[in-house]
Amino acid sequence: IRLRHRAKDLLKPILFIVESPNKARQIASFFGKPSVRKIFGINVYEVLTGDKLLMIAPTFGHMVDLTEDSNEDLYGVIVKNNDFIPIYDTIKRCTKCGTQFVRKELKCPKGCAGEIRDTRTQIDLLRKLAFEFGTVYIGTDPDTEGEKIAFDVANLLLPYAKRILRAEFHEVTKPAIEKAFRELREINTHLANAQIVRRIEDRWTGFELSQKLQKKFNNKTLSAGRVQTPVLKWIVEREELSRKKIPVFVNEEKGI
């Protein structure tokens, strides 16, 4: 413990957050043989990277999603005075059947007796490490999905971390990671907001129409979505238009 505190006096302690545990382990291996700490049953990797004492931890993907508890909200979104307020909760997964859900009740919606894994464990882990290290780099995927995860992580860690920055890399190599550390940026809230709107459209279009389809055809495997639903409507309209007879005026005297 004393050696670790002495190292922190000489090095910059950084909590580096990525999405998958495999990626965390792979990145740690770029900088030598890392120390492994198991916190709340999750492996995190501690390694020296020149002037940094790096702790690499995973999020396991999304940690929060729109709630499925529908009281006053519309599929996890409160609509009030032309404002749209998304309501989030931690993601749960049944270890027996694999069903994923976002509800307060820690019980599988399919009635399984399996253990329920709650992403609150990952959140507690990252909060503990953020408080310990102070500075956080978020290296989730460089797309709108990854930016939304980074946005969520930042919001969850704000009270615990002194500084939170985004590290963007497009390949998992040592040079790419080092370049990302040199070119740190703020989280792009425009990309995060785009993903938020996309997820709301998934719920409002996909959930609603999927339920109607399943009820209409008595088939629980049927589903709809925000993209294929309007595209399908467009295809049907074009098909109907192609079948219609369109009158054409012909002038036989002039041959037209």
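The sections below set out a description of the structure shown in this document. (Residues numbered from 1 in each chain as written. Predicted model: local features only at pLDDT ≥ 70, side-chain atom pairs only at ≥ 80, totals over all residues. Heavy atoms only, no water.)

**Here's the deal with the overall build of the protein chain**
So, point 1. For the protein chain, the helix and strand inventory stands at seven helices and 13 strands.
So, point 2. In terms of overall dimensions, the protein chain is more spread out than a globule: its C-alpha atoms have a radius of gyration of 25 Å, far above the 18 Å expected for 256 residues.
So, point 3. Principal axes of the C-alpha set define a box for the protein chain whose edges measure 100 × 55 × 40 Å.
So, point 4. Expressed as a percentage of its 256 residues, the buried residues of the protein chain come to 38%.
So, point 5. A fraction of 61% describes how many contacts in the protein chain between residues 6 or more apart in sequence connect residues 24 or more apart.
So, point 6. Accessible surface for the protein chain amounts to roughly 16400 Å². Of this, 53% is attributable to carbon and sulfur atoms.
So, point 7. For the protein chain, the centre of its 45 positive side-chain charges and the centre of its 34 negative side-chain charges are spaced 5 Å apart. (Helix = DSSP H or I, 4+ residues; strand = E, 2+ residues; numbered from the N terminus. Rg over C-alpha atoms; globule rule 2.2 N^0.38 Å. Buried < 20%, exposed > 50% of the residue type's maximum accessible area, 1.4 Å probe, protein only. Contact = heavy atoms within 4.5 Å. Areas by Shrake-Rupley, 256 points an atom, 1.4 Å probe, with all protein chains shown as cover. Lys, Arg positive; Asp, Glu negative; His and termini not counted. Charge placed at Lys NZ, Arg CZ, Asp CG, Glu CD.)

**Some remarks on helix α3 (residues 120-133)**
Given 3.6 residues to a turn, an α-helix orients residues that are three or four positions apart in the same direction.
So, point 1. For α3, which comprises 14 residues, the first-to-last C-alpha distance of 20 Å matches the rise-based estimate of 20 Å (1.5 Å per residue) to within 8%.
So, point 2. Of the residues flanking the end of α3, it is glycine 134, one or two places downstream, whose phi is positive at about 90°. (Expected span 1.5 Å × (residues − 1).)

**What about the nonpolar core?**
So, point 1. Grouped together as the largest cluster of nonpolar side chains are 28 residues, with contacts concentrated most on Leu15, Leu129, Val136, Ile138 and Leu157.
So, point 2. Among the elements of the structure, β1 (12-18), β3 (42-48), β4 (52-58), α3, β12 (135-138) and α4 (144-157) are those that each provide at least two residues to this core.
So, point 3. Sequence-distant contacts of isoleucine 138, that is, excluding residues within four places in its chain, are made with Phe16, Ile17, Ala150, Val153, Ala154, Ile164, Leu165, Arg166, Ala167 and Ile187.
So, point 4. Counting residues in each nonpolar core, the second largest holds 19 residues, with Ala28, Leu165, Phe169 and Ile177 among its members. (Core = buried A, V, L, I, M, F, W, Y, C linked by side-chain atoms within 4.5 Å.)

**Things to note about the side chain of glutamate 147**
So, point 1. Topologically, glutamate 147 is positioned in helix α4.
So, point 2. Excluding its chain neighbours within four sequence positions, the residues that come into contact with glutamate 147 are Asp141, Arg166, Arg185, Ile187, Asn188, Leu191 and Ala192.

**Things to note about the pairing of strand β6 (residues 77-80)**
Within a regular strand, the side chains alternate between the two sheet faces.
So, point 1. Where β6 meets strand β7 (residues 83-86), four bridges bridge the pair, whose relative direction is antiparallel. If you follow valine 77 over to β7, its bridge partner there is proline 86.
So, point 2. A loop of two residues connects β6 with β7, the two strands running antiparallel in sequence, and asparagine 81 in this loop sits at a positive phi of about 50°. (Pairing = 2+ DSSP bridges.)

**Some details on the pairing of β1**
So, point 1. Across the seven residues that make up β1, a large majority, five, are buried.
So, point 2. Here seven bridges tie β1 to β4, and the two strands are oriented parallel to one another. By the bridge assignment for β4, isoleucine 17 is matched with alanine 57.
So, point 3. In this sheet, β12 lies alongside β1 in parallel orientation, the contact comprising four bridges. Pairing of phenylalanine 16 across the sheet is with tyrosine 137, part of β12.

**Structural notes on the packing of α4 against helix α6 (residues 189-217)**
So, point 1. Two elements in contact, α4 and α6, have axes separated by 8 Å at closest approach and are oriented at 105°. Considered as vectors, α4 and α6 are oriented roughly perpendicular to each other. Along its contact with α4, which presents Thr144, Glu145, Glu147, Lys148 and Phe151, the element α6 presents Thr189, Leu191, Ala192, Gln195, Ile196 and Arg198. (Axes fitted to C-alpha atoms, helices over the stretch in contact; angles between N-to-C directions. Parallel < 35°, antiparallel > 145°, perpendicular 65-115°, else oblique.)

**Concerning the sheet that holds strand β11 (residues 116-118)**
So, point 1. Taken together, the three strands give an open sheet; going across it, the order is β10-β9-β11, and neighbouring strands pair in antiparallel fashion. Each edge of the sheet is formed by a strand with only one pairing partner; in this case those strands are β10 (100-101) and β11.

**Examining unusual backbone geometry**
So, point 1. Within the chain, asparagine 81 stands out as a residue other than glycine whose phi angle is a positive 50°.
So, point 2. One can find asparagine 81 in the loop between β6 and β7.
So, point 3. Phi is positive for asparagine 218, close to 50°, though the residue is something other than glycine.
So, point 4. Along the chain, asparagine 218 falls in the loop between α6 and α7 (228-243).

**Focus: the pattern of salt bridges**
A pair can form between side chains of opposite charge whenever their charged atoms are brought close.
So, point 1. Summed over the entire model, instances satisfying the criterion amount to 16 salt bridges.
So, point 2. Glutamate 237 is the salt-bridge partner of lysine 233, the closest N and O atoms lying 2.3 Å from each other. Within this pair, lysine 233 and its partner glutamate 237 are both found in helix α7, separated by four residues, close to a single helical turn.
So, point 3. On the accessibility criterion, glutamate 237 (39% relative accessible area) is partly exposed.
So, point 4. One continuous salt-bridge network, built from bridges that share partners, spans Glu147, Arg166, Glu168 and Arg185. (Salt bridge = Lys/Arg side-chain N within 4 Å of Asp/Glu carboxyl O.)

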